[in-house]
Amino acid sequence: AVGCTGGPGRRLLAPARARHRLPPQMKALLESIYAFAVAIGGPGLLLIAFLDSSFLSFPQANDLLIVLMVAREPAWMTYYAGMATLGSLLGCVVLAEVARRGGQAFLLKRVKATRVAWGIRLFERFGVLAILVPSLLPPPAPFKLFVLLAGVAQMPRWGFAPSILVGRGGRYFG
């Protein structure tokens, strides 16, 4: 595992107690992800946020990375939060586009038809709020489900992208 320290003998990923609860493979993966992101800085955050918001899941990785990177370089807070926001926006746009072009079949294999219908009605009734509110919430909120539902519900792109930008920006800058 790649060590991530904030100086001699100081670990940045988690307090010793929390680290011991993670399986060794997960701990090593998180430390490697952190080391990678820190090594390339903002672009690393953008890449991880993109992957997390699209096809892979790195629960709370962006939040943790922003906090840890800003703790090291407070003057770069706006840059780091902006890169995470942009990466998340791009990942959400890609995922919603995939769902727009046939994601209902994918969703119906994993989610009950009544839930999918409920989600579509939610977007029809509340529009941008149906994606804005979940985009503000931290894990374990099922945010990707709402992104997929936005695509399946054919939510207009002009409402989707700004809602994600405002919601994720509020989360990462806040």
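All values derive from a computational prediction rather than experimental measurement.

Trainee: Go over the overall build of the chain, please, and point to the residues and values.
Mentor: Scanning the chain for helices and strands turns up ten helices and zero strands. From first element to last, N terminus to C terminus, the chain shows the α and β order α-α-α-α-α-α-α-α-α-α. Counting across all 174 residues of the chain, residues that qualify as buried make up 41%. Of the contacts made within the chain by residues no fewer than 6 positions apart, 71% connect residues no fewer than 24 positions apart. Surface summary for the chain: the accessible area is close to 9600 Å², and the carbon and sulfur share equals 67%.

Trainee: Describe the confidence of the model for the chain, listing the residues and the values that go with them.
Mentor: Mean pLDDT for the chain: 84, with 88% of residues reaching 70 or above. Ranking the elements of the chain by mean pLDDT puts helix α1 (residues 16–21) last with 49 and helix α5 (residues 77–100) first with 95. Here residues 1–20 is a poorly scored stretch, pLDDT under 50, and it has 29 contacts once near neighbours within four places are set aside; other chains count.

Trainee: Describe in detail a nonpolar patch on the surface, supporting the description with residues and values.
Mentor: Taken together, the side chains of Phe126, Val128, Leu129, Val133 and Leu137 define a hydrophobic patch exposed on the protein surface, amounting to about 400 Å² of accessible area. With respect to the helices, strands and loops of the structure, Val133 is situated in helix α8 (residues 129–136).

Trainee: So what's going on with the packing of aromatic side chains? Residues and values would help.
Mentor: Across all of its chains, the model carries three aromatic pairs by this definition. Taking the centre distance of 5.2 Å and the plane angle of 75 degrees together, the rings of Trp76 and Tyr79 count as edge-to-face. Judged by its relative accessible area of 33%, Tyr79 falls in the partly exposed class. Taken together, the aromatic side chains of Trp76, Tyr79 and Tyr80 make up a single cluster linked through ring pairs.

Trainee: Summarise the pattern of salt bridges; cite the residues concerned and give the values.
Mentor: This structure, assessed with the given rule, holds four salt bridges. With a shortest N-O distance of 3.2 Å, Arg100 and Glu97 are connected by a salt bridge. Taken together, the residues Arg100 and Glu97, both in helix α5 and three residues apart, mark about one turn of the helix. Residue class for Arg100 comes out buried when judged on its relative accessible area of 15%. A single network of salt bridges, built from pairs that share partners, joins Glu97, Arg100, Arg101 and Arg157.

Trainee: Could you give an account of the side chain of Asp52, with specific residues and numbers?
Mentor: Position of Asp52 among the secondary structure elements: in helix α3 (residues 42–53). The side chain of Asp52 sits in the buried core without any salt bridge; Lys144 is the nearest counter-charge, 4.9 Å away. In this structure Asp52 touches Ser57, Phe58, Pro59, Asn62 and Lys144, once residues within four positions along its chain are discounted.

Trainee: Which residues make up the side chain of Glu97, and what are the values?
Mentor: Given the relative accessible area of 17%, Glu97 is considered buried. A polar contact is formed between the side chain of Glu97 and the side chain of Arg157, at a distance of 2.7 Å.

What counts as what
- The residue count restarts for each chain, going from 1 along the sequence in the order it is written.
- Whole-chain, interface and lining totals are the exception, using all residues; otherwise, since this is a predicted model, local features are given only for residues with pLDDT of at least 70 and side-chain atom pairs are given and counted only at 80 or more.
- Values shown for side chains rest on all heavy atoms present in the structure; no hydrogens or waters enter the calculation.
- Elements are defined by DSSP. Helices are runs of H or I of four residues or more, strands are runs of E of two residues or more, and each kind is numbered from the N terminus.
- Burial status follows relative accessibility: with a 1.4 Å probe on protein chains alone, a residue under 20% of its type maximum counts as buried, one over 50% as exposed, and anything between as partly exposed.
- Note on contacts: a residue pair is in contact if any heavy atoms of the two residues lie within 4.5 Å.
- Areas reported here follow the Shrake-Rupley algorithm with a probe of radius 1.4 Å; residue values treat only the protein chains shown as occluding.
- Each residue carries a pLDDT score, the predictor's confidence in it, ranging from 0 to 100.
- Patch membership needs two things, relative accessible area over 30% and no salt bridge, and members are linked within 9 Å if like-charged or within 5 Å if nonpolar (Val, Leu, Ile, Met, Phe, Trp, Tyr).
- Should a side-chain nitrogen of Lys or Arg be within 4 Å of a carboxyl oxygen of Asp or Glu, the pair is scored as a salt bridge.
- Aromatic rings from Phe, Tyr and Trp, taking only the six-membered ring of Trp, are treated as a pair when their centres fall within 6.5 Å; an angle between ring planes under 30 degrees marks them as stacked, one over 60 as edge-to-face, and anything in between as tilted.
- Here Asp and Glu are counted as negative and Lys and Arg as positive; His is not counted, and neither are the chain ends.
- Counted as a polar contact is a pair of N or O atoms within 3.5 Å, where, for protein atoms, one must be capable of donating a hydrogen and the other of accepting one, and residues adjacent in sequence contribute only when both atoms are in side chains.

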